[in-house]
Structures are given as structure tokens and as C-alpha cells.
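Topology and contacts: notes
The lines below spell out each chain.
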Amino acid sequence: MRVLCVAEKPSIARSISQILSGGRVETRPTQNKFIKNFDFDYAQTNSAFTVTAVAGHLLAHDFPDAYKQWSSCDPFTLFDAPIHAMVPAGNKSIERNLLNEARTANTLMIWTDCDREGENIGWEIISVCRKARPNIVVKRARFSAIIPQQIHRAAQHPVELDKAQADAVEARILLDLRIGAAFTRMQTLTLQNRLPQFREKRDVVSYGPCQFPTLGFVVSRYNQVKSFTPEDFWYIFLSLERELDGEMKKVEFTWRRGHLFEEDVVIEIYEDISEFPRARVVKVTKKNVKKWKPLPLTTVELQKAGSRLLKLTPKKVLDIAEKLYQQGFLSYPRTETDQYDPQFDFANLIGKQTVDPAWGRFAQGLQEGGFTSPRKGKNNDKAHPPIHPTAHAGNLAGDEKKVYDFITRRFLASCSKDAEGSETVVEVEYGEEQFYATGLIVLQRNYLDVYPYEKWTAKEIPDFRENEEFEPTTCEIKQGQTTSPSLLTEADLVALMNKNGIGTDATIAQHIQTIIDREYVIERMDGTTKHLLPSTLGIGLVEGYNEIGFDRSLSKPQLRREASSFIVQVCQGEKSKDQMLMESIEQYREMYVIARREFEKVISSVRRYIEGNRTQNTTGGNGGQGPGDGRGGNDGRGRGTNNRNDNNDNAPDNGSRGRGRGAGRQATAPSSRRGRPPPGSPPPEGNDEDHPRNRGGRAAPHSRTGVAISQPDVLASRSSSSAQNVLASSDRLRKCKCGAPASRRTVTQTCARQGRLFYECSTNKCGFFEWIEDEDSRKNDGPSPLVPAKRAFGAEQPITTSNILTRQCRCKEDAVQRTVTKDGINKGRIFWTCVKGRDEGCGFFEWEDEPSKPAQPMTIRTASQNNASSSGRCFKCDQEGHWASACPTGGMPNRPKSHGASKSDTPAAACFKCGKPGHYSNVCPTAIPLRPDSRAAVPKKRGGTTSNDECLRCGQVGHYSSGMDFHALPQAS
DNA sequence: GCAAGGTC
């Protein structure tokens, strides 16, 4: 019997021939220079084997000539035009070889990769071979690594090809072609027709169902960076010098509250604890801790690690892994699987690594009892195992060695044990405030010995006894500032695309390259890190389509996710290929009609960005200086500059940066508040009696001058927002109802108002509140330092607040954005909801990637109605009319708040703050109230700060607007 | 001149 085996690629044909023949193989050339035929007898099945290959897909799909010319038809007709499948010219030699070999074969055995595309390529091979021998018997060899055990098993136990998977891929091919061609031609031709820049350059302005969501991610992050406003915060820092092993060691204690955004509150707390001379050790805990070994390696993790640890681009890493796979050193490198099969042969593979000079001894250790089964991830593509070394490679160099080393070390690490350590936590009470310090001793490094990409640093801490008291060496207020998110890196984008199902392991890197090639996105080096930012064309397109307002946005991942889920349905036989195609084409056809009808919006958006750029360039825009030149102004509260190079500890002249609240007070910056300057600090200057260092003891409890402000050890924002740290002179005169200068603050919550500035009473007495509208729009004026020029059209284009779309809920408030975190088809999808939360709000709910609905009157909901929303959709079943908690399919019980709750959905689970069951952490009676209640936590003896004020966001009394928890929806973050 | 997915 003669068996013709056809692999997906020449390298696999060679490898399986070597394995099955035991090296006794004859090689014949074909007309294709890459493809060889390998002949040998396979005694195990008493057959004559010929092994050959194709090179990926054998067939190409295209429209007939009447539709190929762009001017020959309306692009709309491409939704219905015939599509031919043919062997393209470049593959004719491969086709001829298959026809020749099939004529004399009894059996055709398909050896393509075991995934959907492999099944489809298999059918392409069958369709060609049957032309030469219609009744040839067809079998499918199933394998997931090029190792003898698997290859022999596949050859001796072939299965049937999965037609449903091949059909699903066929549907995807046809759909992508129709959508891509129709939208690309329409938008390219229209833009060329209407805008001279496109007529001159004649570049294709392509649309693709993966390209546009990828671009959407870049634009979205860019807008987040652009609209970010840094916010100052303050915290109390405590330290103690104590002897450890004969040396003085500085123990730094962290404030349990973390940091607070209300400076006044921190000062009051600081002054309160100033009344106490000593701190007390409340508890000393020692426990064994583990640092978990890494999960088995997937393609996406490999690409991310390659970018972050090895400094190789995702595409480069994948190219190298592919080459090493073809050489037999690695398993298949394109896999989503992060769990091993229970029968996986670890011993054999570990044994192959014992010869390596770098990690051979570690591998031996695994053989001699150190082996522990790898952790089990949550993903399994059922086609391939996690990426692992299949042979030892001793002669690699350069980037290939870097990639091979990483994969092998990762594999050995995953077969080792978690690292083990002993952690000490010293909890301290100082006044009514709590602090803690931690120490760590690493007991067993285990996997860390072979995995240098992770660190676990020991931190020694001197002995402390419970109930002992000590006088802190330092107690001071330090200041920091929230930092902007970064623009996307390639690794970030890979992760986002993977999470949202855009592209495959093999194509994600290519899609990124495409939007760069199309000049929708520009790469920019920031030091050694490469960031991606949208071009003016990229932003113009995305925002233009957003203005059209589709049911499902073209630049969001939802559409592609749906397509993927349709493909899975076809694979599982739940839907036929034709049915899936019909439904999907109809959906896109409707979108096309809307896009064509309203394309004027895209044109004006693109024109606005591109020509706005040019205008700025020719009218002498300041070339990206940004609005932040006025650094060093005064905010009216005497805080002084915001220069983070200042450092009190090192600055002998402390007078330039103090708070200066008291009239004529010189600012102070001692590190100790009780006349106990830290070693090396300069002698006190001046004669200020209120200076705490000069009062020979403690600071006056109610004085606001004896406060040390250390400049931040938290880095500043990279964005151009320093202008908002500077007050215009008129701002200094703004007074609240009680006559005091008003404080200027910034909304920091992630909501539609994020970044907006407002005034409020600086003493929190009169409840004064006012938005700073003019300032808000002013800060967005002027050219941006971030928007790059596209195609030399000009310099940069400002982003205005009008570009950041917001929606209003039925209370006529700006709605807030949330993201679905629950697993399911909507995971990761963004929605708008009422700022007041589910229980108190109007029930407003809209998906971000769907158009805003006409305003509906707000209805007052009773408590019994609180689980339903007329416009919202349930997260669980996606039906309207009820929330997930009341879902008839099995909703979750209500939770008081979403944040900080334990993972369990029932209050029977332990609170994570106090460890007791019966309540969630956000209502924990024992835990220290964190930010939402920070003002209320201040002793009320001074009467200024209780939580009797109205919340800025919902108008209710009893909590502050800063408490996101009061407004959050369950299951979202 | 168009897509996404294979591979060379």
C-alpha cells in the first residue's frame, strides 16, 4: 500500500520523515525549490510512505475579473459578488507535485497542524488530490509536537478530518474578503475624491476587521494619556533606626492608609499623632510565604516576555521560535495552551537538558526528586501543548540563544518548586494611626535558581517584640503625585489584542505592523522603550466612525469577538457555514450602507485632524511645547513649586518650599518633629519659635507650621499637565462662602468628569463647590506634544474635550464608564452607567460600542425594582430588563459594593480586611476606613471634618464623592 | 490598490 503524507510546511515533512524512517529515507526534488518528497518504507503499517508538503494555504480566494478593477463596480456589490477559489500562480508547482504523487497513492494522510486552519488546509489538499485520484482514501494524522512518540502514534492511529472546522475557516475567509474589500475601496476612493492629500499620494486607506480594533486600542490609550490629570497626594512616613547584626538599620514603616488625596486631612492626622511620644508594636507576625513558579508558556506570553525581558519585538520572537521549532528544538510555538496533558513525558524532556553547562545541574536536580508538576493555567487550545524545548540546543548564538534559553529556563522552572520564604510583619500603632513594616528571608530559591528573569529580594528587619514601645527616628508627611498611564508598547498591544480575540497568535504581530505601514500609527522611542501613538489620520478615522455611531463600533473589538464566536459555533456544528455567512454579511451590509450615507463625518474628522495640523505648522505653533511652561507658580496655599527634583532631606535651604499657611511663616522642612534632626541634617535656620525643631519638644498640636513636607518619591506624570498645578492670579482670589480662599482640586476618579477642575471650601465647612469651566477648556488648548504628524502634513493637532465623548444618564448627569470583568462574551466590554450606582441611580445603561439611545425619562425605582433597569442589560444572559443579580438564569445575590469584596459572591465568605465571615470588606466594622471615609476618620474634636457634607457626585449625605465604592456596579471595575 | 490566515 502506498501512503501519501502531506504536511503544512516543508520542515515538518522533513522532520516526520526522519522520525518515521529512522533516517533511512530517499529524497526527491520537486518543481518547488522549498518542497522535497521523502520516500521510505514504514514497516509498522506495512506501507510505502511518501511524505511531502504544501506551504500553508494552497488556495487563494478572489473576485472574478469583472469585480477586480476598483472602478469596475460599486464596492457595495462585493457583498454578493461571486468568489473563486483557485491555486495561485505561486502555488502551481506545489499543486503539480500533489497531482503527480496522488495518482499512484492508495491513501492520502493529512499532516497539517492540528488547528482550525490546519483542517482547512487539509481540505484544500484533498480537493487537489481528488482531481488526480477521486477515490483516494483520506486520513488525518493528529500530533502536537515533533517528537517520535507522537509522530509514530499519529501515523499508526490516524483519525478523520474535521469538516466543520474547515467550513468555519472557509466562512471566515469569505467574510473577511468581502468586508475588507468593500470598506477599503469605499473609504479609499471617497477620501481620494474629497481630499487632495489622498488624491496626490494615492495610498490605500484600508479597513480590516482586525486592523481597526487594533488601531482603536492605540487611539483609546492615547486619549487616556492626553486627558490624564496628575493629582497630588500625601502620606505619613515613619522610620526607626535600630541595630541589626552590629549595624544600625533603618526600618521604614508604611502607613496603613496608603496615601490620601486631602492634604488637610493628612496634616490633621499628623498633628494628632504628634501628641504621642512613642509608637507601640501591636503585633509581630511570622509566616511562611511562597513565590509561585511561572505558568507553562503560551505564544502571547512568549511575545510579551520577549519584548519586556529580551528586548525583541513580538514578531522577531515569533520568527525565531518558528525557526527553532522547524529545527526540532522547540514544540509548536503558536499555542494558547498553558496546561500540560497528564500523560506528558516530562522525564524525557528534562533528561535532554542535563547536558547543558548552564542549567544541566538544575535539570539533574529535577530528575533526582526536585520535579513538581507544572501549575495548570486556564487555557487549552486542544491542539498544542505549552511551548517547551523538545531537544537540547548547544550551539545557538545571539537572539536565537536568548529565545531558546528563555523557553528552556521557563520550562525547567515550571517543573520545579515554588520559591519559599519567611515573612515578618511588624504592626505598629502610633497615636490612633497604624503602620507596618515587612521583612523577608528567602528560605528556598527553588525555581528562581534557573529563572533569572524574576527576582525575590530578601529584606532583613531587626527584632521587634509585641507591646514594646519606641520613639520613631522620623515621622513626617511626604507628598507624591499620581502618574499618567503610558502610551501603549507593542507588548501591551499584544496583550490587549489577545485578551480581546483580535488576530491569532501568528498574526497579532502582523496586524500591528499593518497599521504602522498604513500610517495610522507611529512608533516612538522613549529611552529604550518603544511606544505606539496614533497619527492624525488614525485618530481622524476612528473618531469619524465613532461620530457615525454604529450599533457596534468598527474600531472596537466587539464585532470581531462576535465573528469568532460564530466561527466556534460553526466548528461545533451549532450553525452551518452558509447560515453564519448569511447573517454576518447582512450585518456588515447594513453597516456599509450607514457608513456610506454618513461618510461625510469621517471626511470632516480626517480633514479636521490633518488640516488642523498643517494650520498649526504654518501659523507658528509652538512645536509641541505643550501647555506646561508655567511651572513654578503658586497655588495660593503656599505650597510652592512642584519640582520633583527638590528633596527636603538634602536641601539646606528649606525656605522655598514649605507650606507657609501661617501668615509670614517660613516654610519648614525638618525630618523629625520633636527636635531630633536626623543624622546629617543641617542645623535649623532662623528663629521661628513655631518651628518644631526650635521648640525643643513637640509641635504645637494645632499648628500647621510644624509639618515636614518631603517632596515626592513618586515620579511625576509624563504628560503636559503641569499647567494645572499653576494657578492664574484670579484663581487665588476665589473665595468660598465662608470667606476663605477656595481650594482647587481635580476629579481623579475614572469617570466622564475625570481631570476636570473644581473649587471647594478649603476647610470643608461651608460646602462650597464650583466647577472651573474656563480653566478646563483652557488646559486643552494649544498644540499637543504627543500627536505626531502624519505623512508630513504638518505638526501636531490638539485634542479638545469635544473629542472625548461622554454620555448623559437619565438624571442628566455625565455617566461613568465601567468595564465588564465577569467571564463571558461581554468580558472586557465597556459600558456607561449612572454615576450614582445601581441602588441610588437612574438605572441608565449603555454599551460604549453601541450608539447612545435617545434620552428617556428617569423613573423612580422602589427598592423592589432596584434589580431591574429598563435600558440596562444583564451581564449573565445579555437580556434587557433585569440586572445580573436578578437574572432568571441564576443571578448572583446582591453585594453592597463591588470593590473590595471577597471573591466569593456571598457574604458568608470571609472579609478580606478582618478575616471574619458575614460581611464584605467595604462594610468591615473593624478595618481602618480608607479613602472614602478618610475625613470622617479624623477625630471630630476640631469639628471641621465629618461626613455630613453632600457627595459631589450624587448629592447624598453620608459619604464623599471620592469613594468610588459607593457608586460602583457589581461585577465591574 | 482591498482582508486575515497560513508559510517561504
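From a predicted model like this one, the values you see are computed outputs, not experimental measurements.

With that settled, consider the packing of aromatic side chains. This model, assessed by the stated rule, comprises 31 aromatic pairs. Within the aromatic cluster, the residues linked to one another by ring pairs are Phe76, Phe79, Phe183, Tyr207, Phe212, Tyr520, Tyr545, Phe550, Tyr592 and Phe599. The ring of Trp123 carries Lys163 above its face, with NZ or CZ at 5.1 Å from the centroid. Directly above the ring of Phe464 sits Arg242, whose terminal nitrogen or CZ lies 4.4 Å from the centroid.

Strand pairs in the sheet, formed through backbone hydrogen bonds, run parallel or antiparallel to each other. In space, the 6 strands of this open sheet follow the order β2-β3-β4-β1-β7-β8, with mixed pairing throughout. Looking along the sheet, the strands with just one partner apiece sit at the ends: β2 (26–29) and β8 (137–140). Between one strand and the next, the sheet's axes are offset by a mean angle of 25°, whatever the strand orientation. Bridge analysis of strand β1 (residues 2–7) against strand β7 (residues 107–111) gives 5 bridges, and the strand direction is parallel. Residue Ala7 lies in a different strand from β7, and its bridge partner there is Trp111. The sheet strands contacting helix α1 (residues 10–21) are β1, β3 (36–42), β4 (47–53) and β7, and the helix crosses β3 at an angle near 20°.

Turning next to helix α16 (residues 508–517). Each turn of an α-helix holds 3.6 residues, which means side chains three or four residues apart point in the same direction. Of all 10 residues in α16, 7 are buried; the element is thus mostly enclosed. If you check which residues of α16 are buried, you get Ile508, Ala509, His511, Ile512, Thr514, Ile515 and Ile516. Structurally, α16 contributes buried residues whose contacts are with α8 (211–227), α10 (299–308), α11 (314–326), α15 (490–500), β17 (521–526) and β18 (529–534). A positive phi of about 65° marks Glu519, the residue just after α16.

This prediction gives chain A a mean pLDDT of 72; 63% of its residues lie at or above 70. Mean pLDDT values for the elements of chain A range from 29 in helix α21 (residues 729–732) up to 98 in β1. Note on residues 773–806: pLDDT under 50 across the span, and 102 contacts to partners over four residues away in sequence or across chains. Here residues 854–973 scores under 50 on pLDDT; set against residues more than four positions off or in separate chains, the count is 278 contacts.

Let us look at helix α19 (residues 577–597). Across its 21 residues, α19 extends 30 Å between first and last C-alpha, which sits within 8% of the 30 Å expected from 1.5 Å per residue. All of the buried residues in α19 are Met580, Leu581, Ser584, Ile585, Gln587, Tyr588, Arg589, Met591, Tyr592 and Ala595.

Here the focus is the sheet that holds β18. The sheet built from 3 strands is open, its strands ordered β16-β18-β17 with antiparallel pairing. Of all strands in the sheet, those with a lone pairing partner are β16 (488–489) and β17, marking the two edges. On top of the sheet, α8 reaches β16, β17 and β18; it is set at about 95° to β18, its chief contact.

Among the surface-exposed residues, Trp70, Leu189 and Val204 lie close enough to one another that they form a single nonpolar patch of about 210 Å² accessible area. Examined against the element boundaries, Leu189 turns out to sit in helix α6 (residues 163–194). On the accessibility criterion, Leu189 (34% relative accessible area) is partly exposed.

Moving on to the pairing of β8. In β8, alternate side chains face the same way, and those of Val138 and Arg140 are buried while those of Val137 and Lys139 on the opposite face are not. Direction of pairing for β7 relative to β8: parallel, over a ladder of 4 bridges. Bridged to Thr107 within β8 is Val137. Considered for its hand, the β-α-β crossover made up of β7, helix α4 (residues 116–132) and β8 is right-handed.

The next subject is a negative patch on the surface. Negative charge collects at one region of the surface, where Glu243, Asp245, Glu247 and Glu460 lie side by side. Considering the arrangement of structural elements, one finds Glu460 in the loop between β13 (433–444) and β14 (469–470).

Moving on to the pairing of β17. Here 6 bridges tie β17 to β18, and the two strands are oriented antiparallel to one another. Its bridge partner lying in β18, Arg524 is registered against His531. Counting the residues that bridge the hairpin from β17 to β18 gives 2 residues, and of these Gly527 lies at a positive phi of roughly 70°.

Next up on the list: the packing of α15 against α16. Packing of α15 against α16 leaves a shortest axis separation of 10 Å and a crossing angle of 120°. Classed by the angle they form, the pair α15 and α16 counts as oblique. In the packing of α15 onto α16, the handedness of the crossing is right-handed. On α16, the residues that touch Glu490, Leu493, Val494, Met497 and Asn498 of α15 are Ile508, His511 and Ile512. In terms of residue class, the contact of α15 with α16 is made up of 5 nonpolar, 2 polar and 1 charged.

Definitions and cut-offs
- Residues numbered from 1 in each chain as written.
- Chains lettered and ligands numbered in written order.
- Predicted model: local features only at pLDDT ≥ 70, side-chain atom pairs only at ≥ 80, totals over all residues.
- Heavy atoms only, no water.
- Phe/Tyr/Trp six-rings, centres within 6.5 Å; stacked < 30°, edge-to-face > 60°.
- Lys NZ or Arg CZ within 6 Å of the ring centre and 35° of its normal.
- Pairing = 2+ DSSP bridges.
- Helix = DSSP H or I, 4+ residues; strand = E, 2+ residues; numbered from the N terminus.
- Axes fitted to C-alpha atoms, helices over the stretch in contact; angles between N-to-C directions.
- Contact = heavy atoms within 4.5 Å.
- Buried < 20%, exposed > 50% of the residue type's maximum accessible area, 1.4 Å probe, protein only.
- pLDDT = per-residue confidence, 0-100.
- Expected span 1.5 Å × (residues − 1).
- Patch = residues over 30% accessible without salt bridge, like charges linked within 9 Å, V, L, I, M, F, W, Y side chains within 5 Å.
- Areas by Shrake-Rupley, 256 points an atom, 1.4 Å probe, with all protein chains shown as cover.
- Salt bridge = Lys/Arg side-chain N within 4 Å of Asp/Glu carboxyl O.
- Right-handed = clockwise from strand over helix to strand, strands pointing away.
- Lys, Arg positive; Asp, Glu negative; His and termini not counted.
- Charge placed at Lys NZ, Arg CZ, Asp CG, Glu CD.
- Parallel < 35°, antiparallel > 145°, perpendicular 65-115°, else oblique.
- Left-handed = near helix turned anticlockwise from the far one by under 90°.
- Nonpolar A, V, L, I, M, F, W, Y, C, P; charged D, E, K, R; others polar.

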